[in-house]
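Secondary and tertiary structure notes
One letter stands for each residue in the lines below.
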Amino acid sequence: MVYHVNGQGLDALEPASFESIDVTEANIEEWVIETPEILGEDLLVVASQYAKFDRTAERPDVLALDPDGKLVVVELKRDRADATTDLQAIKYASYCSTISAEELQQDYRGFWNDRRDEEDQLTPDDVGEAFRTFLGEDVGTAEDGYADFALDDRPRIVLAAGSFGPEITTPVVWLEREFGMDITCVELEAHQRNDQVFISSRRVLPVPEAEEYMAKRRQKERKQSRSTSRAERAITVLLEAGLVEEGDIVMFDPGKVPNDSEIEYDADTDFWRGRITGKTGRSNNVEWLENGTEYSFTALAQAVLERATGREFNVNGYPYWKHSEHGMSLSELRRTEVGDIDW
């Protein structure tokens, strides 16, 4: 029972079914869109009724992003979750696993612009800033203005319903503990006092006793996934696709030299040039010709900027380095299919 404090006493808030107070699943969906905290965590809502999957008309209720860079598929049920709710959400998560970070931001822009006035439309720069602020980590800016980050390819699942039976809780616990799937069950409850309606939420799974263990397990998986994802999306892809080769020269993009640089830009000087090493570790991808030291592309971009200006920088390096032969930034090359370049 939930109580309302009334002076020195308590008034009971009577439980009410969502049906009895004329609340539909569409209403609950709108609550989540506008106030995702109702699910008990901080989420950036990207879209609702997402309908961009190939060869299927199925749509997840809400698609969101969590602060760790994981997609979150939210499936909502007004009353008791039916026996296929978990399977339905798992299918949606599998569909979402191939969405890229740029596609996600484009979808966010389209969804929220549909809900905004024509004169208040979001630009790619607006969206990129929203994602960088939300993620709160070292996230750079792509050339189109969107945030440049690696999207985790293992979406989370949040099931929110009036109640859950063992036909849901049993497989959820098994999938989480045996396979590391990140599934959360949240019960939504309505209470009524006179003409006032109150909504509360309570996480029922994972249970608090297991949460610390599962959090550590997911943290380890996130780190491994991020490391792999960044490698596959960056230098490894460039090398394996033949887009760059060991020994290729890259030059700092003159358009990204700060106005307060104390070193004049000259593409022929070693200060503004690097040599691709062919290595795929975290800090040995490019040799700075200025001093012969190996760096990641991000670390080298920051070193060049800091040496040139005396200021600290926090950037993603791939848009800052251009291939000397093709004149494209490494970010552009990374997004280019092998057959799209005129060698």
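Residues numbered from 1 in each chain as written. Predicted model: local features only at pLDDT ≥ 70, side-chain atom pairs only at ≥ 80, totals over all residues. Heavy atoms only, no water.

Examining the overall build of the protein chain
The criterion, for reference: A run of H or I in DSSP becomes a helix once it reaches four residues, and a run of E becomes a strand once it reaches two; helices and strands are each numbered from the N terminus. Each residue gets one of three labels from its accessible area relative to the maximum for its type: buried under 20%, exposed over 50%, partly exposed in between, using a 1.4 Å probe on protein chains only. We call two residues contacting when some pair of their heavy atoms lies within 4.5 Å. Values of accessible area rely on a 1.4 Å probe in the Shrake-Rupley scheme; residue burial ignores everything except the protein chains shown.
If you tally the helices and strands in the protein chain, you get nine helices and 15 strands. Per-residue burial for the protein chain yields a buried fraction of 46% across its 343 residues. In the protein chain, of all internal contacts separated by at least 6 residues, the share reaching a separation of at least 24 is 55%. Accessible surface, the protein chain: about 17600 Å² in total, of which carbon and sulfur atoms supply 44%.

Describing the pairing of strand β12 (residues 273–276)
Threshold: In this scheme, strands are said to pair when DSSP sees at least two bridges between them.
Across three bridges, the pairing between strand β11 (residues 249–252) and β12 is antiparallel. Bridging from a neighbouring strand, Met 251 pairs with Arg 273 of β12. In this sheet, strand β13 (residues 286–288) lies alongside β12 in antiparallel orientation, the contact comprising three bridges. The residue bridging Gly 274 from the neighbouring strand is Trp 288, located in β13.

Some details on the pattern of salt bridges
Oppositely charged side chains can form a pair if their charged atoms are brought close together. Heads up, the rule is: Between Lys or Arg on one side and Asp or Glu on the other, a salt bridge is scored when a side-chain nitrogen of the former is within 4 Å of a carboxyl oxygen of the latter.
The final tally for this structure, using the stated rule, is 15 salt bridges. Its salt-bridge partner being Arg 115, residue Glu 34 comes within 2.6 Å of it at the nearest N-O pair. With Glu 34 in helix α1 (residues 25–34) and Arg 115 in the loop between α3 (101–114) and α4 (124–135), the pair connects residues that are 81 residues apart, well separated along the chain. We classify Arg 115 as partly exposed; its relative accessible area is 35%. Three or more residues joined by partner-sharing salt bridges are found here, namely Glu 41, Asp 66, Arg 156 and Asp 182.

A look at the environment of Val 304
Positionally, Val 304 belongs in helix α8 (residues 297–309). For the pair Val 304 and Trp 288, spaced 16 residues apart in sequence, the C-alpha to C-alpha distance is 9.2 Å. Dropping the residues within four chain positions of it, Val 304 is found in contact with Phe 252, Phe 271, Trp 272, Trp 288 and Trp 321.

Comments concerning the packing of helix α2 (residues 85–96) against helix α5 (residues 166–179)
This is how the line gets drawn: Axis definition: a line fit to C-alpha positions, over the contact stretch in the case of helices; interaxial angles, taken between N-to-C directions, run 0 to 180 degrees. Angular relationships are summarised with four words: roughly parallel below 35 degrees, roughly antiparallel beyond 145, roughly perpendicular across 65 to 115, and oblique for the angles in between. Polarity classes work like this: nonpolar for Ala, Val, Leu, Ile, Met, Phe, Trp, Tyr, Cys and Pro, charged for Asp, Glu, Lys and Arg, and polar for all others, with Gly in that last group.
One way to put it is that α2 packs onto α5 with a least axis distance of 9 Å and a crossing angle of 45°. The pairing of α2 with α5 is recorded here as oblique in orientation. Of α5, the residues touching α2 (which contributes Thr 85, Asp 86 and Ile 90) are Glu 167, Ile 168, Pro 171 and Leu 175. Residues of the contact of α2 with α5, tallied by class, amount to four nonpolar, one polar and two charged.

Topic: the sheet that holds β13
An order of β14-β13-β12-β11-β15 is seen for the five strands of this open sheet, with the pairing classed as antiparallel. The open sheet has two edge strands with one neighbour each: β14 (294–295) and β15 (321–323). Where α8 meets the sheet, its contacts fall on β11, β12, β13, β14 and β15, and the angle it forms with β13 comes to roughly 20°.

Observations concerning the nonpolar core
Counted only if it meets this: Here, nonpolar core refers to any group of buried Ala, Val, Leu, Ile, Met, Phe, Trp, Tyr and Cys residues whose side-chain atoms link them within 4.5 Å.
One finds Leu 65, Leu 104, Phe 131, Phe 149 and Leu 159 to be the most contacted residues of the largest nonpolar core, which totals 62 residues. Membership of the second largest hydrophobic core comes to 27 residues, among which are Ile 235, Trp 288, Phe 297 and Phe 313.

Considerations on the packing of aromatic side chains
The condition that has to hold: We call Phe, Tyr and Trp rings a pair once their centres come within 6.5 Å, taking the six-membered ring for Trp, and we label the pair stacked below 30 degrees between planes, edge-to-face above 60, and tilted otherwise. Consider the ring centre and the ring normal. A charge sits over the ring if Lys NZ or Arg CZ is within 6 Å of that centre and within 35 degrees of that normal.
As enumerated under the stated definition, the model contains 15 aromatic pairs in all. Ring geometry for Tyr 265 versus Trp 272: centroids 5.1 Å apart, planes at 55°, classification tilted. Look at Phe 271 and Trp 288: their rings are 5.5 Å apart centre to centre, the planes differ by 65°, and that puts the pair in the edge-to-face class. Separated by 17 residues along the polypeptide, Phe 271 in the loop between β11 and β12 and Trp 288 in strand β13 bring together distant segments of the chain. Members of the aromatic cluster, connected to one another through ring pairs, are Phe 252, Tyr 265, Phe 271, Trp 272, Trp 288, Tyr 295, Tyr 320 and Trp 321. One residue, Lys 256, lies across the ring of Tyr 320, its end atom 5.1 Å from the ring centre.

A few points about the environment of Gly 110
In this structure, Gly 110 sits in helix α3. Linking Gly 110 and Gln 121, residues 11 residues apart in sequence, is a C-alpha distance of 9.4 Å.

As for a nonpolar patch on the surface
Condition: A residue counts toward a patch only above 30% relative accessible area and without a salt bridge, and it is joined to like-charged neighbours within 9 Å or, for Val, Leu, Ile, Met, Phe, Trp and Tyr, to nonpolar neighbours within 5 Å.
Together, Tyr 3, Val 5 and Leu 10 line one region of the surface with nonpolar side chains, adding up to about 340 Å² of accessible area. Mapped onto the secondary structure, Val 5 falls in strand β1 (residues 2–6).

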